Amino acid sequence: MEHKVGIIMNGVTGRMGTNQHLMRSIVEIIKQGGVKLPNGDHIMPDPILVGRNQSKLDGLCKASGVSKSTTDLDSVMKDPYYTIYFDAQTTGRRADAVKQAVAAGKHVYCEKPVSVDTQTALELHELCEKAGVKHGVVQDKLWLPGMRKLKRLIENGFFGEILSVRGEFGYWVFEGHTVPAQRPSWNYRKEDDGGIIVDMLCHWRYVLDHIFGKVKAVSCTGATHIKERVDEQGNPYKCTADDAAYATFELEGDIIAHFNSSWTVRVRRDDLLTVQVDGTKGSAVAGLRECYIQHYGNTPKPVWNPDIVQPIDFYEGWSKVPEQEPFDNAFKVQWELFLKHVVLDEPFPWNMKEGAKGVQLAEKGLESWEKRCWLDIPEL
């Protein structure tokens, strides 16, 4: 039996919406014959693409094979065939559209940050709960192969007592004067809800909460290192939002975590994101896909001596975690889980309240930067 699900996909003409949600998730689910269920049934998504530019939508339909698109959001909100509303718009547009979808009785799945402030995010959660609609927030990094391997190591007791977590994220985003920028210009304007603290601390919240331990406190410093960039029309503009963040977190279990997030850093490490976990019995370094481990018994014993060439090759004592299972696209995996949540009522803990926690940590990070102090993270 086929369970066809109509999905309103709003804002998918943007980079993330096009690449991860449409082309690598929904289109791939359609190509594979839907989401297979244990009883032999399958869930088949049936999307309509929504945006403000019809010519962009036409091009996206041609590229994806999706036949339906519209610039009239109100009309599809009123259509009972479409039971899921998905939002990948810029952050400032999201809350009003989600409210409209909830009022129309749609289940809601949206990108993060779910809103520009914690109060609005919690309001969206309450509205969804009162309306009895299912709701979820994209928390893709939980399904990255590297993060899943870390989670497996923790479950198997590899680390002993976890002491610390160190994250390095980022890359050089070109300013646009000579080489075109590879990120949209609104990311660097505070008045357009840009900034790396708002963007990335939402991610680090769910990664830390769900893999290592609940975030209890934060100390954060941001910076706007690049003062001027060039927008999509070739016009120079002043950067008003932070492009780098240096944040330390206290987690439950006395774990200390630190994440550097930057769009102004050149990469000399294994991947654009690396997370090192150090424990009493072993350590691991995970990237987006790979994970390397060093057990206590393989740990070298260096001695500080700057007067000689370092005799230890510090890469030698690490072993690559083998591929024990296939890993699908992280966004696609969570889409399939949400579709099963809607159709079969299977558990889906990554809801609007989880999204609100990410917004809360970003707000506390900005407040910490402004006040130059540690801040506790209260329960929502």
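Keep in mind that what you see is a predicted model, and the values were worked out from it rather than measured.

Student: Any chance you could break down the sheet that holds strand S13 (residues 255-262) for me, citing the residues and the numbers?
Tutor: One open sheet holds the nine strands; their spatial order is S17-S16-S15-S14-S8-S13-S12-S9-S18, and the pairing between them is mixed. Each edge of the open sheet is held by one strand with a lone partner, namely strand S17 (319-320) and strand S18 (375-376). As paired elements, strand S15 (residues 282-286) and strand S16 (residues 291-295) share five bridges and run antiparallel to each other. Note that in S16 the partner of Val-285 across the bridge is Tyr-292. Strands in contact with helix H9 (residues 352-371) are strand S9 (215-223), strand S12 (244-251) and S18; relative to S9, the strand with the most contacts, it is inclined by about 55°.

Student: If you had to explain the nonpolar core to someone new, which residues and values would you point to?
Tutor: Residues Leu-150, Phe-212 and Phe-249 are the most contacted members of the largest nonpolar core, which totals 79 residues. Top element by residues in this core is helix H7 (residues 196-212). It accounts for 11 residues. With residues up to four places along the chain from it excluded, the contact list for Phe-212 reads Leu-150, Ile-154, Ile-162, Val-165, Val-207, Leu-251, Ile-255, Val-275 and Val-277. Core analysis: the next-biggest nonpolar cluster, separate from the first, contains 24 residues, Ala-101, Cys-110, Cys-128 and Met-352 among them.

Student: Let's hear about empty space enclosed by the protein: which residues, and what values?
Tutor: Tallied over the full model, the rule gives two cavities of 30 Å³ or more. Quantified by volume, the largest cavity comes out at close to 40 Å³. Lining the largest cavity are Lys-112, Val-137, Val-138, Gln-139, Cys-202, Tyr-206, Glu-354, Gly-355 and Gly-358. Sorting the residues of the lining of the largest cavity by element identifies H7 and H9 as the ones contributing at least two each. Residues that form the lining of the largest cavity fall into these classes: four nonpolar, three polar and two charged. There is about 30 Å³ of room inside the second largest cavity. Together, Gln-139, Cys-202, Arg-205, Tyr-206, Asp-209, His-210, Glu-354, Lys-357 and Gly-358 line the second largest cavity.

Student: Describe the pairing of strand S3 (residues 42-50), with residues and values.
Tutor: Among the nine residues of S3, nine are classified as buried, and the element is accordingly described as predominantly covered. Of the two faces of S3, the one holding His-42, Met-44, Asp-46, Ile-48 and Val-50 and the one holding Ile-43, Pro-45, Pro-47 and Leu-49 are both buried throughout. Pairing of strand S1 (residues 2-10) with S3 involves nine bridges; the strand directions are parallel. Directly across from Ile-8, in S3, lies its bridge partner Ile-48. Pairing geometry for strand S2 (residues 35-36) and S3, over two bridges, is antiparallel. Its bridge partner lying in S3, Val-35 is registered against Ile-43. Sheet topology note: the S3/strand S4 (residues 69-70) ladder contains two bridges and is parallel. From the neighbouring strand, Leu-49 faces S4, where its bridge partner is Ser-69.

Quick notes on the rules
Within every chain, residues take consecutive numbers counted from 1 along the sequence as written. At least 70 in pLDDT is required for a residue's local features to be given in this predicted model, at least 80 for side-chain atom pairs to be given and counted, and no such filter applies to totals for whole chains, interfaces and linings, which use all residues. Side-chain metrics rest on all non-hydrogen atoms present in the structure, leaving aside hydrogens and water. Each pair of strands is called paired provided DSSP finds at least two bridges between the two strands. Secondary structure elements are defined from DSSP: runs of H or I of at least 4 residues count as helices, runs of E of at least 2 residues count as strands, and each element is numbered from the N terminus. By definition, residues are in contact when any of their heavy atoms lie within 4.5 Å. What counts as an axis is a line fitted to C-alpha atoms, over the stretch in contact for a helix, and the angles between N-to-C directions run from 0 to 180 degrees. Nonpolar core, defined: a set of buried Ala, Val, Leu, Ile, Met, Phe, Trp, Tyr and Cys residues in which side-chain atoms within 4.5 Å join the residues together. Partly exposed describes any residue whose relative accessible area lies between the buried limit of under 20% and the exposed limit of over 50%, with all areas from a 1.4 Å probe on protein chains only and scaled to the type maximum. In this analysis, the protein atoms alone were mapped onto a 1 Å grid. Cavities are point sets where a 1.4 Å probe fits without being able to get out; pockets are open sets with protein on both sides within 12 Å along at least five of seven lines; lining residues have an atom within 4 Å of a point. Grid points are joined across faces, edges and corners, and a volume is the space filled by probe spheres set on the points. Each residue gets one label: Ala, Val, Leu, Ile, Met, Phe, Trp, Tyr, Cys and Pro are nonpolar, Asp, Glu, Lys and Arg are charged, and the others, such as Gly, are polar.

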